[in-house]
Amino acid sequence: MAMRAMAWPEASQFLLGGTRTAVVATVGRDGRPHAVPVWFIVDEGQIVFTTTTGSVKAKHLRRDPRVAICVDEATPPFAFVSVSGTAELTPRPDDFLAWTTRIARRYVGDERAEETGRAFTDVDDLLVKVAIETWVGHAEIVG
């Protein structure tokens, strides 16, 4: 089995599938990369996650909104989708609880989504939406 490129329908389903985390990479003022895992969802062609105003990634994104994000499957036959785009940061929008709950539902299920979503509104205060500008995805990396 040889590695194969994903078409967008498969790549978008891969991003939506399971409880994979996204690794978000930003660039610091000194040019150094910074990468951290986040819980996320995909909404209307955008990667959506939350963070705190004081986080390193938020500070970087306010200065330079360019971002790279990688989501991978860590079990054989292995796969990944990597995207790049521009982040839009919205401080605590009116529907923030709906977003945090929707993201939480993906990772903790229906039973704990509301509780976890509320907990994230106590910690996080920024909604981040990354418009997907470029992407690449590969599946069946090893047989």
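Residues numbered from 1 in each chain as written. Predicted model: local features only at pLDDT ≥ 70, side-chain atom pairs only at ≥ 80, totals over all residues. Heavy atoms only, no water.

A tally of helices and strands in the chain yields four helices and eight strands. In terms of overall dimensions, the chain is globule-like: its C-alpha atoms have a radius of gyration of 15 Å, near the 15 Å expected for 143 residues. Its C-alpha atoms give the chain principal-axis dimensions of about 45 × 45 × 25 Å. Out of the 143 residues belonging to the chain, those deemed buried represent 41%. A fraction of 71% describes how many contacts in the chain between residues 6 or more apart in sequence connect residues 24 or more apart. (Helix = DSSP H or I, 4+ residues; strand = E, 2+ residues; numbered from the N terminus. Rg over C-alpha atoms; globule rule 2.2 N^0.38 Å. Buried < 20%, exposed > 50% of the residue type's maximum accessible area, 1.4 Å probe, protein only. Contact = heavy atoms within 4.5 Å.)

Moving on: the packing of helix H3 (residues 96-108) against helix H4 (residues 110-123). Packed helix pairs are specified by the crossing angle of their axes together with the interaxial distance, meaning the distance between the axes. Running from amino to carboxyl end, H3 crosses H4 at an angle of 130°, the nearest separation of the two axes being 7 Å. When the interaxial angle is binned, H3 and H4 end up oblique. The two elements H3 and H4 meet at a crossing, and its hand is right-handed. Within the contact between the two elements, H3 uses Phe96, Leu97, Thr100, Thr101, Ala104, Arg105 and Val108 and H4 uses Asp110, Arg112, Ala113, Glu114, Thr116, Gly117, Arg118, Phe120 and Thr121. Residue classes in the contact of H3 with H4 are distributed as six nonpolar, five polar and five charged. (Axes fitted to C-alpha atoms, helices over the stretch in contact; angles between N-to-C directions. Parallel < 35°, antiparallel > 145°, perpendicular 65-115°, else oblique. Left-handed = near helix turned anticlockwise from the far one by under 90°. Nonpolar A, V, L, I, M, F, W, Y, C, P; charged D, E, K, R; others polar.)

Moving on, we get to the pairing of strand E5 (residues 46-51). With respect to burial, E5 is a largely interior element, six of its six residues being buried. Here E5 shows two buried faces, one formed by Gln46, Val48 and Thr50 and the other by Ile47, Phe49 and Thr51. For strand E4 (residues 41-43) and E5, the ladder comprises three bridges, and the chain directions are antiparallel. The residue bridging Asp43 from the neighbouring strand is Gln46, located in E5. The turn linking E4 back onto E5 is made up of two residues, and Glu44 within it adopts a positive phi angle of 50°. Alignment of E5 against strand E8 (residues 126-139), held across six bridges, turns out to be antiparallel. The partner of Gln46 across the bridge, within E8, is Ala131. (Pairing = 2+ DSSP bridges.)

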